[in-house]
Amino acid sequence: MGVQTGGPSSLGFRAVFQEPEACSLQPLNQVPSEQSGRVHICVLFTEMQETLAALRSAEGLSAGLSANITLIVPLTVPYPLALESPPVSLGFLCRRIRQMASSVAMEIEAYVYLCRDPLKTLEEALHPRSIVVIGTRWGGFFDKSHRMARKLRRRGHHVVLSKCR
């Protein structure tokens, strides 16, 4: 289905947007490289509303800059299922990605990783000292978004939390 990126624990895909509403997933052969001379902002998919807030924040952060925005969707596939058989249809996921991409004025890239361990997959997908924007609904220290932000900061990334209204 996809090409393994970083070992047997993840499969990577690049979302390709077709006009006007269509999207398809193409297997990744390697981890995408950063374009030099451009600010690269990664948005981590958590939940739909939080991710929309994070995309809007990333768009605001990139205002006036030569920047790329990349949406990263780590989709956890539980062990009873084969890695190639995620619990969510890839077609449904592609429609959601297209919907989010159309909510911002900037063109974005999107990558989907079917994985067992989202943090390990992010370590492989993110470049060192990446700027990562994560949407959050709660202000609580122990919610999922805050935990992921702490883990990514410990690994040297610059994380911005964007509160969903």
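Structure: above.
Calculation criteria
Here, residues in each chain are numbered from 1, in the same order as that chain's written sequence. The predicted nature of this model means local features are confined to residues of pLDDT at least 70 and side-chain atom pairs, given and counted, to a pLDDT of 80 or more, with totals for whole chains, interfaces and linings taken over all residues. Hydrogens are left out, water is left out, and the side-chain values use all remaining heavy atoms of the structure. Counting from the N terminus, the helices are DSSP H or I runs at least four residues long and the strands are E runs at least two residues long. Between buried and exposed lies partly exposed: a residue is buried under 20% and exposed over 50% of the maximum accessible area for its type, with that area taken using a 1.4 Å probe on protein chains only. Contacts between residues were defined by any pair of non-hydrogen atoms, one from each residue, lying within 4.5 Å. The Shrake-Rupley method, run with a 1.4 Å probe, gives the accessible areas here. Residue values count only the displayed protein chains as cover. Counted as salt bridges are all cases of a side-chain nitrogen of Lys or Arg within 4 Å of a carboxyl oxygen of Asp or Glu. Only residues whose relative accessible area exceeds 30% and that form no salt bridge are eligible for patches; like-charged ones are grouped when within 9 Å, while nonpolar side chains (Val, Leu, Ile, Met, Phe, Trp, Tyr) are grouped when within 5 Å. In this tally, Asp and Glu contribute negative charge and Lys and Arg positive charge; neither His nor the terminal groups of the chain are included. By convention, the point assigned to a charge is CZ for Arg, NZ for Lys, CD for Glu and CG for Asp. For this quantity, the arc is that covered by the directions from the helix axis to the C-beta atoms. N or O atoms closer than or at 3.5 Å make up a polar contact, with two conditions inside protein: a donor-capable atom paired with an acceptor-capable one, and, for residues adjacent in sequence, both atoms drawn from side chains. In this analysis an axis means a line fitted to C-alpha atoms, helices contributing only their contacting stretch, and an angle means the value between N-to-C directions, from 0 to 180 degrees. If you view the pair so one helix is near and one far, a crossing is left-handed when the near helix is turned anticlockwise from the far one by less than a right angle, and right-handed when it is turned clockwise.

Trainee: When you look at the overall build of the protein in this model, what are you seeing that I'm missing?
Mentor: Each helix and strand in the protein was counted, giving four helices and eight strands. Taken from the N to the C terminus, the helices and strands of the protein come in the order β-β-β-β-α-β-α-β-α-β-α-β. Per-residue burial for the protein yields a buried fraction of 45% across its 165 residues. For the protein, contacts bridging at least 24 residues in sequence account for 72% of all contacts bridging at least 6. Carbon and sulfur atoms provide 53% of the accessible area of the protein, an area that totals close to 8,700 Å².

Trainee: Looking at this structure, how should I read the pattern of salt bridges?
Mentor: Scanning all chains against the criterion turns up two salt bridges. For the salt bridge of Arg 137 with Glu 50, the shortest nitrogen-to-oxygen distance reads 3.2 Å. Of the two residues, Arg 137 sits in the loop between strand 7 (131-136) and helix 4 (144-154) while Glu 50 sits in helix 1 (residues 48-61), which places them 87 residues apart along the sequence. Given the relative accessible area of 8%, Glu 50 is considered buried. Among the salt bridges present, the one from Arg 155 reaches Glu 123, with a minimum N-O distance of 2.3 Å. Linking Arg 155 in the loop between helix 4 and strand 8 (158-163) with Glu 123 in helix 3 (residues 118-125), this pair joins segments that are 32 residues apart in sequence.

Trainee: For this particular structure, what's the right way to read a positive patch on the surface?
Mentor: A surface patch of positive charge is lined by Lys 144, Arg 147, Lys 151 and Arg 154. When its relative accessible area of 63% is taken as the criterion, Arg 154 is described as exposed.

Trainee: Honestly, helix 3 in this entry has me stumped. Any pointers?
Mentor: Spacing of three or four residues puts side chains on the same side of an α-helix, whose turn is 3.6 residues. Every buried residue belonging to helix 3 is among Leu 119, Thr 121, Leu 122 and Ala 125, and all of these are buried. Along the long axis of helix 3, the arc covered by the buried residues comes to 160 degrees, so they all point the same way. Buried residues in helix 3 make contact with strand 2 (10-17), strand 4 (39-44), strand 5 (67-76), strand 6 (108-115) and helix 4. Of the residues flanking the start of helix 3, the one acting as N-cap is Asp 117, its side-chain oxygen 3.2 Å from the backbone nitrogen of Leu 119.

Trainee: Honestly, the packing of helix 1 against helix 2 (residues 90-101) in this entry has me stumped. Any pointers?
Mentor: A packed helix pair is summarised by two numbers, namely the angle formed by the two axes and the spacing between the axes. Between helix 1 and helix 2, the shortest axis-to-axis distance is 10 Å and the interhelical angle comes to 35 degrees. Our pair here, helix 1 against helix 2, has a crossing hand that is right-handed. The residues of helix 2 that touch helix 1, namely those facing Met 48, Thr 51, Leu 52 and Leu 55, are Arg 96, Gln 99 and Met 100.

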